[in-house]
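Residue-level structure breakdown
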Amino acid sequence: MSLLIEDFGTGKVDNGKLIAAVREIFPLKPADIINRLNLRTIPYSKTAAYGHFGRENEGFTWEKLDKVDVLKSFFNIK
């Protein structure tokens, strides 16, 4: 498995540290990703209409921001 993070020069933290944070905080095994994002119950008809990114509707689990505080804590950001 490979992990690439590209901030296109807009990052506030070193990419190496960001990669370390992602590896520590987010489960990256395929089964863990499936379970965390609840991918077995994707609302396919809702996903097919108007795209599947930038949506706040229920069921779009990949749009959750529930790890923001954990990441801020990792980097000592308030």
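Look a little higher up for the structure.
Note that the coordinates shown come from a computational prediction; the quantities given were computed from them, not determined experimentally. Counting restarts for each chain, with residues numbered from 1 along the sequence as it is written. Local features in this predicted model are restricted to residues of pLDDT 70 or higher, and side-chain atom pairs are both shown and tallied only at a pLDDT of 80 or more, whereas totals for entire chains, interfaces and linings draw on every residue. Note that water and hydrogens are dropped before the side-chain values are worked out from all heavy atoms of the structure.

Bringing the side chain of Asp7 into the picture now. We count a stretch as a helix when DSSP gives it H or I for four or more residues in a row; a strand needs E for two or more, and each element gets its number in order from the N terminus. Structurally, Asp7 can be placed in the segment before helix 1 (15–25). Three exposure classes are used, based on accessible area relative to the maximum for each residue type with a 1.4 Å probe and protein chains only: buried under 20%, partly exposed in between, and exposed over 50%. In this tally, Asp and Glu contribute negative charge and Lys and Arg positive charge; neither His nor the terminal groups of the chain are included. Salt bridge, as used here: a side-chain nitrogen of Lys or Arg that lies within 4 Å of a carboxyl oxygen of Asp or Glu. Of the side chains with opposite charge, Lys12 lies nearest to the buried Asp7, which makes no salt bridge, at 10 Å. Here a polar contact is recorded for every N or O atom pair within 3.5 Å, except that within protein the pair must consist of a potential hydrogen donor and a potential acceptor, and residues adjacent in sequence are included only if both atoms are side-chain atoms. From its side chain, Asp7 meets the backbone nitrogen of Gly9 in a polar contact 2.9 Å long. Of the polar contacts made by the side chain of Asp7, one reaches the backbone nitrogen of Gly11; its length is 3.2 Å.

To continue, consider the pattern of salt bridges. Applying the stated rule across the entire model yields one salt bridge. A salt bridge links Arg36 to Asp66; the nearest nitrogen and oxygen atoms lie 3.1 Å apart. With Arg36 in helix 2 (residues 30–36) and Asp66 in the loop between helix 3 (44–48) and helix 4 (68–74), the pair connects residues that are 30 residues apart, well separated along the chain. Overall, Arg36 belongs to the partly exposed group, its relative accessible area being 27%. Residue classification places Asp66 among the partly exposed positions, given a relative accessible area of 43%.

Read these as spatial facts, not as claims about activity.
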